[in-house]
Amino acid sequence: MHALWDIPELVQSIFTFLDNKARIGAATVCRSFWLNTLPFTWREVNDIYTLMQLFPDDSIAKGPEDDMEPFTLKRTLHESDWERFLLHSQYTKQITIFFSEYDHNHYQQLLQNSPSRTILPNLTCVHFNLLGRVEGADSRTIGLFLPNTVSLVRVCAFESESVEGSTAAVLGALAGTKLPSFSSFGIESTGFDSGGVLGSEVSQVLHAHQTIETLSIDMMGSGDNHYDILSSAGQLPKLLHLNVVDFEGRTVVEEPEILSLPHDHLFPALRTLKLSGAPDFIDTLTSRINSGDMETINLSLDTYNRFDDFEVHHAAGWPDSLLSIRRFTHLRKLVLELGISISPEALNPLLECGELETFIILAGARCPSWLPEDSLIKMGRAWRQLKTMDFSLSLDHSRNKYITLPHLQIIAREFRNLVKLTVEFDATSGGNEGFQFDAVTMADNELRELDVSWSMIDENTEKKIVPLFQAWWPKLRSVTCETESFYSRHWESVMRAVQNLTCI
């Protein structure tokens, strides 16, 4: 074999370009190649049992022939029994740990027979999936999977009241373990009432780990005490990215004390914010953010079973949510996912975000939205740096009042720096009566990509639209559409024509 294959850095670099099947084949060539595939093969492990299979055959039950539950130890493990396990586990960066009474018994076996070295010495990401109550769960057992190299922890408690104790045990162990690199934490709980205990446990984790930069909270049950969590999260000095879900839009209703969160010092370093919930919750949280470095905001507004209430009173609640956003003058990206109707006037506060580069607005079936021409003109003149725009204004096309060609002309005229545009519009002759297809060339427009999505078009306008696009966007390089659309066959000819023009 050539000497270059003895250079591990070179071999590792080559193997990064191979898929798993090719790496498995390479591993059979020689021992050197086998060793170089280990970091890729064992980087992500689905569960600890994958590694436990590496114990000697006479030490662990591996099938029904042993007359024992699989993975039950048949004898005491010695230091030498861990050699294969540790050879492979040193490359494990991410692992999922399932927690039930059955699993916990096996984990305690590992703890009682653990070697002198850490069993997962380079682990960075651990996902705890909690499946049921575990009697006697202790921090030492959980600590097997929390070496000081861990930087990301996700806790998921599935729908069962019995997991509450397990969740508290994992969170307690996490709060009590020193993790100098811990920067990302997420918790998802579904379908049980913790009576506020879970919120308190999460708060302890946040207090114990002030290094957290990314936080995701999706606690879909009653009594979870979001007030404690948000108070603690707001004081994290390094928190850059926050994602919070207001399940069924009821957080403010069930925890009115959230309205008393202070305005003056929470979330000082935040750069990315993603909120899902009702208008009152979104307004409460966005108005408490004191960061001057906010770059990305994603708001998903859905009132769930409170929809009827907010349909009547949304004019007061939803616009207020956007009023807070105008404070973020350095905002670069804004995404609005709407599950409730808004008026064009509600978008006016956003015009003060003059450095915006990406604007996306997506609307659900029950809230078709409409942007009049003057709103588009205001946006174009306020957002001179906008590069990407997406107007998917309704998923229910029968109820949507489409943007028409005059609106598209305004977009071409006012948004000169756009590079990518996704928009649903009506290009049919019936929806554009009186529209003049003679267009003035706008040579300084930067648009390269146009996604017409589910836009309507007919035979009468099919041939007229290409020269129109060519005049509006001389640098246009691609037009795409939804292939399942009723109008896709008309758009296909448009796409071919644009492609032919770009090849000239």
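Above this text sits the structure in question.
These notes cover the structure that comes with them. (Residues numbered from 1 in each chain as written. Predicted model: local features only at pLDDT ≥ 70, side-chain atom pairs only at ≥ 80, totals over all residues. Heavy atoms only, no water.)

## Points about the overall build of the protein
Step number 1: Broken down by element type, the protein carries 18 helices and 17 strands.
Step number 2: The buried share of the protein, taken over its 504 residues, is 50%.
Step number 3: Considering only contacts within the protein whose residues lie at least 6 apart along the sequence, 81% involve residues at least 24 apart.
Step number 4: Carbon together with sulfur atoms contributes 50% to the accessible area of the protein, which is approximately 22,500 Å² in total. (Helix = DSSP H or I, 4+ residues; strand = E, 2+ residues; numbered from the N terminus. Buried < 20%, exposed > 50% of the residue type's maximum accessible area, 1.4 Å probe, protein only. Contact = heavy atoms within 4.5 Å. Areas by Shrake-Rupley, 256 points an atom, 1.4 Å probe, with all protein chains shown as cover.)

## Some details on a nonpolar patch on the surface
Step number 1: Among the surface-exposed residues, Ile-7, Leu-10 and Ile-14 lie close enough to one another that they form a single nonpolar patch of about 210 Å² accessible area.
Step number 2: Residue placement: Leu-10 occurs in helix α1 (residues 8–15).
Step number 3: The class for Leu-10 is partly exposed, based on a relative accessible area of 33%. (Patch = residues over 30% accessible without salt bridge, like charges linked within 9 Å, V, L, I, M, F, W, Y side chains within 5 Å. Salt bridge = Lys/Arg side-chain N within 4 Å of Asp/Glu carboxyl O.)

## Considerations on the environment of Glu-357
Step number 1: Residue placement: Glu-357 occurs in the loop between β10 (333–338) and β11 (358–363).
Step number 2: Look past the residues within four positions of Glu-357 in its chain and what remains in contact with it is Arg-332, Gln-385, Leu-386, Lys-387 and Thr-388.

## Quick notes on the nonpolar core
Step number 1: Core analysis: the largest hydrophobic core is formed by 132 residues, its most contacted members being Ile-48, Phe-128, Phe-185, Phe-359, Phe-391 and Phe-469.
Step number 2: By residue number, the principal contributor to this core is helix α8 (residues 164–175), which donates six residues.
Step number 3: Membership of the second largest hydrophobic core comes to five residues, among which are Phe-15, Ala-26, Phe-33 and Phe-40. (Core = buried A, V, L, I, M, F, W, Y, C linked by side-chain atoms within 4.5 Å.)

## What about the packing of aromatic side chains?
Two aromatic rings are characterised by how far apart their centres lie and by the angle between their planes.
Step number 1: This model, assessed by the stated rule, comprises 15 aromatic pairs.
Step number 2: Here Tyr-107 and Phe-145 contribute two aromatic rings whose centre-to-centre distance is 5.0 Å and whose plane-to-plane angle is 70°, an arrangement assigned as edge-to-face. Here Tyr-107, found in helix α6 (residues 101–112), pairs with Phe-145, found in the loop between α7 (139–143) and β4 (152–157); they are 38 residues apart in sequence, far enough to count as distant.
Step number 3: According to the relative accessible area criterion, Tyr-107 is buried, its value standing at 1%.
Step number 4: Ring geometry for Phe-469 against Trp-473: centres 5.6 Å apart, planes inclined by 50°, an arrangement best described as tilted. The exposure classification of Phe-469 matches that of Trp-473, with both residues buried. (Phe/Tyr/Trp six-rings, centres within 6.5 Å; stacked < 30°, edge-to-face > 60°.)

## Observations regarding the environment of Ala-175
Step number 1: Mapped onto the elements of the fold, Ala-175 is located in helix α8.
Step number 2: Overall, the relative accessible area of 19% leaves Ala-175 in the buried class.
Step number 3: Counting along the chain gives 29 residues from Ala-175 to Gln-204, while the straight-line C-alpha distance between them is 6.0 Å.
Step number 4: Apart from residues no more than four positions distant in its own chain, Ala-175 is found in contact with Gln-204, Val-205, Ala-208 and His-209.

## Some points on the packing of helix α2 (residues 20–27) against helix α3 (residues 31–41)
Step number 1: Axis separation between α2 and α3 bottoms out at 8 Å; the angle between their running directions is 150°. For the element pair α2 / α3, the angle class is roughly antiparallel. In the crossing of α2 with α3, the sense of the turn from one axis to the other is left-handed. Residues Arg-23, Ala-26 and Ala-27 of α2 touch α3, and the partners they reach there are Phe-33, Trp-34, Thr-37 and Phe-40.
Step number 2: Here the contact of α2 with α3 is composed, by residue class, of five nonpolar, one polar and one charged. (Axes fitted to C-alpha atoms, helices over the stretch in contact; angles between N-to-C directions. Parallel < 35°, antiparallel > 145°, perpendicular 65-115°, else oblique. Left-handed = near helix turned anticlockwise from the far one by under 90°. Nonpolar A, V, L, I, M, F, W, Y, C, P; charged D, E, K, R; others polar.)

## Observations concerning the pairing of strand β17 (residues 478–481)
Step number 1: Burial of the side chains of β17 is restricted to one face: Val-479 and Cys-481 are buried, whereas none of Ser-478 and Thr-480 on the reverse face is.
Step number 2: Direction of pairing for strand β16 (residues 449–453) relative to β17: parallel, over a ladder of four bridges. Paired with Leu-450 across the two strands is Val-479, which belongs to β17. (Pairing = 2+ DSSP bridges.)

## Considering helix α12 (residues 279–286)
Step number 1: Counting buried residues along α12, seven of its eight residues qualify, which places the element largely inside the surrounding structure.
Step number 2: All of the buried residues in α12 are Pro-279, Asp-280, Phe-281, Ile-282, Thr-284, Leu-285 and Thr-286.

## A closer look at the pattern of salt bridges
Step number 1: Summed over the entire model, instances satisfying the criterion amount to ten salt bridges.
Step number 2: One salt bridge in this structure joins Arg-448 and Glu-446, with 2.9 Å as the shortest N-O distance.
Step number 3: The exposure class assigned to Arg-448 is partly exposed, which follows from its relative accessible area of 32%.
Step number 4: Residue Glu-446 is joined to Lys-475 by a salt bridge in which the shortest nitrogen-to-oxygen separation is 2.8 Å. Of this pair, Glu-446 sits in the loop between β15 (425–426) and β16 while Lys-475 sits in the loop between α17 (465–472) and β17, and the two are 29 residues apart along the sequence.
Step number 5: Within this structure, Asp-58, Arg-75 and Asp-81 form a network of salt bridges that share partners.

## Overview of the packing of α1 against α3
Relative orientation and spacing of two packed helices are given, respectively, by the angle between their axes and the distance between those axes.
Step number 1: At their nearest, the axes of α1 and α3 sit 10 Å apart, and the two run at 55° to each other. It follows from the interaxial angle that α1 and α3 lie oblique. α3 is crossed by α1, and the crossing has right-handed handedness. Every residue of α3 that contacts α1 at Pro-8, Val-11, Gln-12 and Phe-15 is listed here: Phe-33, Asn-36, Thr-37, Pro-39 and Phe-40.
Step number 2: Taken together, the residues of the contact of α1 with α3 sort by class into six nonpolar, three polar and no charged.

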